[in-house]
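# Reading the structure
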Amino acid sequence: MNSIIYPFDAHCHIEAISSANSMQKLAVCSINLQDIKELYEIRKNNPNIKIGIGLHPWQVTNNINLTEFSSKLMKLIEQYQPDFIGECGLDKLKPNFAKQVEICALHCQLAKQFKLPIVFHCVRSYNELLQIITQHPIIKGLLHAFNANNQIAKQLYKKSISLGVGSLILASTSQLRKSITKIPLAQILIESDAPYMPYANNTTSSAQDCLVYFNKLCKIKSINSTAAIELINQNWLSLYAET
């Protein structure tokens, strides 16, 4: 019997499910609205799975009609009863940023309307994301792959947003690595983003990589892993409203 306690994966994709430890809980996001159908079927047979619905900013195009998109997303939320909204957000390295802002704001509105947590993708857009959340407050959320300074982390904490820590914790030059000692454990969750953002020379990541990131976190923050795993997994349970 495997006695290792794995950190619950706060952010991953459909491909990660088969790579998870049998005792590991996963929050599996959509990158487009079609993903929710497959995730819904998977959740039926796996109590460790939480599922989300959303449109990833990489999927945003300028020809999206906001009224039609909102109507479709609302119907899918009602039909498939996701556990959270996402993955959605902002990415300045990708086109159609103004439309990304509109779509992200819409996700925030629906997350609050349906009383669901929300999962954000954010690249070089922290100020814009904070502005959206100020205008469209959410109940609680996760910013996955956090890679900003401690002041941004504090502002996000005030907005009830936890931070996903993954492979960037291993990079000595990452902003996350520079900030992590000042970020409280109460705001931290561990994520793989599997099968993306692998570490070292790996071509893909897996849900079990969360243990690598967790151990590095404990080493950097000089904290006891036994106490930390209990708190971080409780953060997961609190975010995804599992009792």
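Read on for an overview of the structure. Keep in mind that what you see is a predicted model, and the values were worked out from it rather than measured. Residue numbers restart at each chain and count upward from 1, following the sequence in its written direction. Totals for whole chains, interfaces and linings use all residues, but because this is a predicted model, local features are given only for residues with pLDDT of at least 70 and pairs of side-chain atoms are given and counted only at 80 or more. Each side-chain value is derived from all of the structure's non-hydrogen atoms; neither hydrogens nor water enter the calculation.

## Points about the packing of aromatic side chains
Stated formally: In summary, the pairing rule links any two rings of Phe, Tyr or Trp, Trp by its six-membered ring, whose centres are within 6.5 Å, and it sorts them by plane angle into stacked for under 30 degrees, edge-to-face for over 60 and tilted for everything else. Secondary structure elements follow DSSP: runs of H or I no shorter than four residues count as helices, runs of E no shorter than two count as strands, and numbering proceeds from the N terminus. A 1.4 Å probe rolled over the protein chains alone gives each residue an accessible area, and that area as a share of the maximum for its type sets the label: buried under 20%, exposed over 50%, partly exposed in between. To sit over a ring, a charge needs its Lys NZ or Arg CZ within 6 Å of the ring centre and within 35 degrees of the ring normal.
In the structure shown here, the tally under the stated rule is six aromatic pairs. Look at Tyr199 and Tyr213: their rings are 5.9 Å apart centre to centre, the planes differ by 80 degrees, and that puts the pair in the edge-to-face class. Of the two residues, Tyr199 sits in the loop between strand S8 (188-190) and helix H7 (210-221) while Tyr213 sits in helix H7, which places them 14 residues apart along the sequence. Its relative accessible area of 0% is what places Tyr213 among the buried residues. Ring geometry for Trp236 against Tyr240: centres 5.0 Å apart, planes inclined by 55 degrees, an arrangement best described as tilted. Through pairs of rings, three or more aromatic residues link up here, namely Phe8, Phe84, Trp236 and Tyr240. One Lys or Arg, Lys92, reaches over the ring of Phe97 and ends 5.6 Å from the middle of that ring.

## Considerations on the sheet that holds strand S1 (residues 9-12)
The following threshold applies: Any two strands are treated as partners once DSSP identifies two or more bridges connecting them. The angle between two axes is taken between their N-to-C directions and runs from 0 to 180 degrees, where each axis is a line fitted to C-alpha atoms and a helix contributes only its stretch in contact.
Sheet architecture is open: eight strands sit in the order S1-S2-S3-S4-S5-S6-S7-S8, paired in parallel fashion. Edge positions in the sheet fall to S1 and S8, since each has one partner strand and no second. With direction set aside, neighbouring strand axes in the sheet form an average angle of 30 degrees. Of the strand pairs in this sheet, strand S6 (residues 141-143) and strand S7 (residues 161-165) are connected by three bridges, and their pairing is parallel.

## What to know about the packing of helix H4 (residues 126-135) against helix H5 (residues 150-158)
The relative placement of two packed helices comes down to the angle between their axes together with the axis-to-axis distance. Applicable threshold: Between 65 and 115 degrees an angle is taken as roughly perpendicular, under 35 as roughly parallel, over 145 as roughly antiparallel, and anywhere else as oblique. Left-handed describes a crossing whose near helix is turned anticlockwise from the far helix through less than a right angle; right-handed describes the clockwise counterpart. What makes two residues a contact is simply this: any of their non-hydrogen atoms within 4.5 Å. Any residue that is not Ala, Val, Leu, Ile, Met, Phe, Trp, Tyr, Cys, Pro, Asp, Glu, Lys or Arg is counted as polar, Gly included; the first ten are nonpolar and the last four charged.
Where H4 contacts H5, the two axes come as close as 11 Å, and the packing angle between them is 15 degrees. Judged on the interaxial angle alone, H5 and H4 are roughly parallel. For the element pair H4 and H5, the recorded crossing hand is left-handed. Between H4 and H5, the residues in contact are Tyr126, Asn127 and Leu130 and Ile152, Gln155 and Leu156, respectively. Looking at side-chain class alone, the contact of H4 with H5 contains four nonpolar, two polar and no charged residues.

## Looking at H4
Put simply, the rule is: Directions drawn from the helix axis to the C-beta atoms are what define this arc.
If you check which residues of H4 are buried, you get Tyr126, Leu129, Leu130, Ile132 and Ile133. Down the axis of H4, the buried side of the element spans an arc of 160 degrees, and every buried residue falls inside it. Exposed residues on H4 whose side chains face more than 90 degrees from its buried face are Asn127 and Gln135.

## Side note on the environment of Val28
Within the element layout of this structure, Val28 appears in strand S2 (residues 26-28). By relative accessible area, which is 0% here, Val28 ends up buried. Sequence separation between Val28 and Asp83 is 55 residues, and the spatial gap between their C-alpha atoms is 9.6 Å.

## Brief notes about the side chain of Ser167
Defined as follows: We call two N or O atoms a polar contact when they sit within 3.5 Å, provided that within protein one can donate a hydrogen and the other can accept it, with sequence-adjacent residues counted only if both atoms are side-chain atoms.
Secondary-structure assignment places Ser167 in the loop between S7 and helix H6 (175-179). Within polar-contact distance, the side chain of Ser167 engages the backbone oxygen of Met197 at 3.0 Å.

## Points about the packing of helix H3 (residues 97-113) against H4
Contact geometry of H3 with H4 gives a least axis separation of 10 Å together with a crossing angle of 40 degrees. The orientation of H3 with respect to H4, classified from their angle, is oblique. Handedness of the H3/H4 crossing: right-handed. Here Phe97, Val101, Cys104, Ala105 and Cys108 of H3 come into contact with H4, specifically with Glu128, Leu129 and Ile132. A breakdown of the residues in the contact of H3 with H4 according to their chemical character gives seven nonpolar, no polar and one charged.

## Observations concerning the pairing of strand S5 (residues 118-123)
Formally: When the strands point away from the viewer, a crossover counts as right-handed if the path from the first strand over the helix to the second runs clockwise.
In terms of burial, S5 is a largely internal element, five of the six residues being buried. Pairing between strand S4 (residues 84-91) and S5: five bridges, direction parallel. Directly across from Gly89, in S5, lies its bridge partner His121. Once the chain exits S4 it traverses H3 before rejoining the sheet at S5, and the crossover so formed is right-handed.

Take it as geometry only, folks, not as evidence of what the structure does.
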